[in-house]
Amino acid sequence: MKTLYTMTLTALLAAALTQAAALAQQQSNPGYSGQHTRDIKALSADEVSQYRAGAGMGYARAAELNRYPGPMHVLELADRLALSPDQRAATEKLMHTHKAEARAIGEKLVDAEHALDRLFAQSAASEAALAGQVRAVAVIQGEYRLAHLETHRRMRAVLSNEQVNRYVQLRGYGENRSHDAGLHGNPHKH
């Protein structure tokens, strides 16, 4: 009986030591491993590419999930939303204008992140320089987000209430109307 107890205790101890070793390895090798080779340490190549392309990246989620459609998805669903020729033209114009603006801001954001990275790479991150560059990045991030949110706001004004309702349904967002009942779509369009 004592041998079975000793074998069980030894097996449990070995399992605990294995788990402890794995945890210690995780702690000594944090999640940034391999990222030191990036051109801009804080952004992946995919993120740089998305910013430069003016991609949404979730910046307009507050609008999208509160019944303010985005023009890209409206165009994807144009037939199912029964867009009129004028609505389609207005949506295409909004999309092209927005993409140009978002790409320009995205490029500025990538440049600002690169400048922030250089402060550390060149050992030039004084308190003042760091504060100034972080603020510059934050302002541009705000501009990027505003551009996306404003586009959604403008898009909603192009659609009727019924089209907004259909959009919400097609995108799978359900019918949560508790917080803004009566404020769906453009109240002047029927």
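Scroll up for the structure.
Residues numbered from 1 in each chain as written. Predicted model: local features only at pLDDT ≥ 70, side-chain atom pairs only at ≥ 80, totals over all residues. Heavy atoms only, no water.

Engineer: Lay out the packing of helix α6 (residues 85–121) against helix α7 (residues 127–158) in plain terms, naming residues and giving numbers.
Structural biologist: Two elements in contact, α6 and α7, have axes separated by 9 Å at closest approach and are oriented at 170°. With respect to α7, the axis of α6 lies roughly antiparallel. When its residues are assigned to classes, the contact of α6 with α7 shows 19 nonpolar, 8 polar and 5 charged. (Axes fitted to C-alpha atoms, helices over the stretch in contact; angles between N-to-C directions. Helix = DSSP H or I, 4+ residues; strand = E, 2+ residues; numbered from the N terminus. Parallel < 35°, antiparallel > 145°, perpendicular 65-115°, else oblique. Nonpolar A, V, L, I, M, F, W, Y, C, P; charged D, E, K, R; others polar.)

Engineer: Any chance you could break down the nonpolar core for me, citing the residues and the numbers?
Structural biologist: Counting residues in hydrophobic clusters, the biggest one holds 16 residues, and the most contacted among them are Tyr51, Leu109 and Tyr144. Every element with two or more residues in this core is listed here: α2 (45–53), α6 and α7. A per-element tally of this core places α6 first, with 7 residues. Non-local contacts of Tyr144, meaning those with residues more than four positions away in its chain, are made with Gln50, Tyr51, Gly54, Ala55, Met57, Tyr59, Ala102, Ile105 and Gly106. One finds Leu77, Ala78, Tyr167 and Val168 within the second-largest nonpolar core, a separate group that totals 12 residues. (Core = buried A, V, L, I, M, F, W, Y, C linked by side-chain atoms within 4.5 Å. Buried < 20%, exposed > 50% of the residue type's maximum accessible area, 1.4 Å probe, protein only. Contact = heavy atoms within 4.5 Å.)

Engineer: I'd like to hear about helix α8 (residues 161–171), residue by residue, with values.
Structural biologist: Along α8, the residues that are buried comprise Asn161, Gln163, Val164, Tyr167 and Val168. With its buried residues spanning 165° around the axis, α8 presents them on a single face. Looking at the buried side of α8, the elements it contacts are α3 (61–64), α4 (71–76), α5 (78–81), α6 and α7. Once α8 finishes, Gly172 follows within two positions and takes phi at roughly 80°, a positive value. (Arc of directions from axis to C-beta.)

Engineer: Just give me the short version of the environment of Arg52, but keep the residues and values in it.
Structural biologist: Inspection of the secondary structure assignment puts Arg52 in helix α2. By relative accessible area, Arg52 is classed as partly exposed at 41%. Among residues more than four places away in sequence, those in contact with Arg52 are Arg103, Glu107 and Val110. There is a polar contact of 3.2 Å between the side chain of Arg52 and the side chain of Glu107. (Polar contact = N/O pair within 3.5 Å; in protein donor to acceptor, adjacent residues only side chain to side chain.)

Engineer: Please provide a residue-by-residue account of the packing of α2 against α6, values included.
Structural biologist: The contact between α2 and α6 brings their axes to 6 Å, and the two run at 140°. The orientation of α2 with respect to α6, classified from their angle, is oblique. Here α2 contributes Val48, Tyr51, Arg52 and Ala53 to the contact with α6, which in turn contributes Lys99, Ala102, Arg103, Gly106, Glu107, Leu109 and Val110.

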